[in-house]
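Each chain, written out:
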Amino acid sequence: MTRDDELLASYVAGELGDDSAEIRELRARRPEALAAAADLSTVARELDAGGALERRLIVAARAQASASDRERVASAFERSSRAPSSRFGVSRWLVAAALVLSAAGAALYFQRRAPGEREVQVLNRDRDAQIVLRTPQAPLTAGVALEWNAPALAASERFSLEFRALDAGGSPGKLLRRLRCTSASWTPSTADLSDWPEQVSLVIARVELESGGRELALSQPFSLRVAR
């Protein structure tokens, strides 16, 4: 395993965040690989967040997987192992991990839940009124820190920022970026904002690393203007 692979694995596990100097340097060199790692990390956190319900469904999915299903996964992994990793800019371990998650039964989770289980709230969606922007009317500007007030983080916690574009109706739509911070501040770069729309939505969460990024609290959605 290369040093880049180790950094990507630490990023997916939540041991390194977007504010890490090593991750920033890796993003500059291998943006596609880091984007894939971020997506994989999100899937892993969402699968873990529901606790026992997801685990029961994963076990059920594995039990229902046929020999042909397992053969297709093994064949896909074999093909990815033979292909040069530089072709897609994503390391083989990411491909393998994605296959494992896929085989774990994500489709079963969304399509085959019992009627009584469909209403279970997987993530904690209680809105925390203590998480507020310090200057809510200020535009999001490259080189200017975005700061917020919130209860102090424990050693095992991080802030998670999720930026989304606003659709025609003013509701959060396409995901633009998700990142983690160790303090109540984030400074965007020019590159961060270069392809963002004029108005974006931001939700700040407090997450627990030891539980795979489980959300402990969420802010209200903030609407921010993007300055060019």
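(A) Seen up close, the packing of helix α1 (residues 3–13) against helix α2 (residues 21–29). Where α1 meets α2, the axes come as close as 11 Å, and the angle between the chain directions of the two elements is 115 degrees. Along this stretch, α1 crosses α2, giving a crossing that reads as left-handed. Counting all contacts with α1, which are made through Arg3, Asp4, Leu7, Leu8 and Tyr11, the residues of α2 involved are Glu22, Ile23, Leu26, Arg27 and Arg29. The residue inventory of the contact of α1 with α2, partitioned by class, reads 5 nonpolar, no polar and 5 charged.

(B) Spotlight on the nonpolar core. Counting residues in each nonpolar core, the largest one holds 20 residues, and the members touching the most others are Leu146, Trp148, Leu161, Phe163, Leu202 and Ile204. When contributions to this core are tallied by element, the ones reaching two or more residues are β2 (146–149), β3 (157–166), β4 (172–181), β6 (199–208) and β8 (222–225). Among the nonpolar cores identified, the runner-up in size contains 10 residues, and Leu8, Val12, Leu16 and Ile23 belong to it.

(C) How the structure looks around the environment of proline 197. Structurally, proline 197 can be placed in the loop between α8 (190–193) and β6. With 28 residues separating them in the primary sequence, proline 197 and arginine 225 have C-alpha atoms 8.6 Å apart. If we ignore the near neighbours within four places in the chain, the residues touching proline 197 are Ala165, Leu176, Val226 and Arg228.

(D) Representation of α1 in the model. Taken as a whole, α1 has its buried residues at Asp4, Asp5, Leu7, Leu8, Ser10, Tyr11 and Val12. Positioned one or two residues after α1, glycine 14 has a phi angle of 85 degrees, which is positive.

(E) Up close: the pattern of salt bridges. Counting across every chain of the model gives 11 salt bridges. Between arginine 164 and glutamate 162 there is a salt bridge, with the nearest N and O atoms lying 2.9 Å from each other. Because the salt bridges share partners, they merge into one network encompassing Asp4, Glu25, Arg29 and Arg30.

(F) Spatial organisation of the packing of aromatic side chains. Tallied over the full model, the rule gives 3 aromatic pairs. Ring centres 5.5 Å apart and planes at 90 degrees place the aromatic pair tryptophan 148 and phenylalanine 159 in the edge-to-face group. Of this pair, tryptophan 148 sits in strand β2 while phenylalanine 159 sits in strand β3, placing them 11 residues apart in sequence. An identical accessibility class is assigned to tryptophan 148 and phenylalanine 159; each is buried. Both rings, one in phenylalanine 163 and one in tryptophan 196, keep their centres 5.0 Å apart while their planes meet at 45 degrees; by these two values the pair is tilted. Residue phenylalanine 163 is found in strand β3, and its partner tryptophan 196 is found in the loop between α8 and β6; the two are separated by 33 residues along the sequence. In this structure tryptophan 196 comes out as buried when scored by relative accessible area, which is 5%.

(G) Focus on the environment of leucine 146. For leucine 146, the position within the fold is in strand β2. Beyond its immediate sequence surroundings of up to four residues, leucine 146 is in contact with Leu133, Leu140, Leu161, Phe163, Ala184, Ser185, Trp186, Leu202 and Leu224.

(H) Highlighting the side chain of glutamate 157. As for its position among the elements, glutamate 157 is in strand β3. Glutamate 157 gets classed as buried once you look at its relative accessible area, which sits at 11%. Within polar-contact distance, the side chain of glutamate 157 engages the side chain of arginine 206 at 3.0 Å. Those residues in contact with glutamate 157 that sit more than four places away from it in its chain are Arg206, Val207 and Leu216.

(I) Spatial organisation of the confidence of the model for the protein chain. In this model, the protein chain carries a mean pLDDT of 76, and residues with pLDDT of at least 70 account for 62%. Confidence drops under a pLDDT of 50 for residues 85–89, and excluding neighbours within four residues, the segment shows 6 contacts in the predicted structure. Between residues 103–125, whose pLDDT stays under 50, and residues either more than four places distant or in other chains, the model counts 32 contacts.

(J) Broad picture of the pairing of β6. For β6, a buried count of 9 out of 10 residues is recorded, marking the element as mostly surrounded by other parts of the structure. With 9 bridges joining them, β3 and β6 adopt antiparallel strand pairing. Bridge pairing in β6 places alanine 165 opposite valine 200. Examined bridge by bridge, β6 and β8 share 4 bridges and lie antiparallel to one another. By the bridge assignment for β8, valine 200 is matched with leucine 224. Summarising the sheet, β6 and strand β7 (residues 214–218) pair through 4 bridges and their orientation is antiparallel. Looking across to β7, one finds that valine 207 is bridged to glutamate 215.

Conventions and cut-offs
- Residues numbered from 1 in each chain as written.
- Predicted model: local features only at pLDDT ≥ 70, side-chain atom pairs only at ≥ 80, totals over all residues.
- Heavy atoms only, no water.
- Axes fitted to C-alpha atoms, helices over the stretch in contact; angles between N-to-C directions.
- Helix = DSSP H or I, 4+ residues; strand = E, 2+ residues; numbered from the N terminus.
- Left-handed = near helix turned anticlockwise from the far one by under 90°.
- Contact = heavy atoms within 4.5 Å.
- Nonpolar A, V, L, I, M, F, W, Y, C, P; charged D, E, K, R; others polar.
- Core = buried A, V, L, I, M, F, W, Y, C linked by side-chain atoms within 4.5 Å.
- Buried < 20%, exposed > 50% of the residue type's maximum accessible area, 1.4 Å probe, protein only.
- Salt bridge = Lys/Arg side-chain N within 4 Å of Asp/Glu carboxyl O.
- Phe/Tyr/Trp six-rings, centres within 6.5 Å; stacked < 30°, edge-to-face > 60°.
- Polar contact = N/O pair within 3.5 Å; in protein donor to acceptor, adjacent residues only side chain to side chain.
- pLDDT = per-residue confidence, 0-100.
- Pairing = 2+ DSSP bridges.

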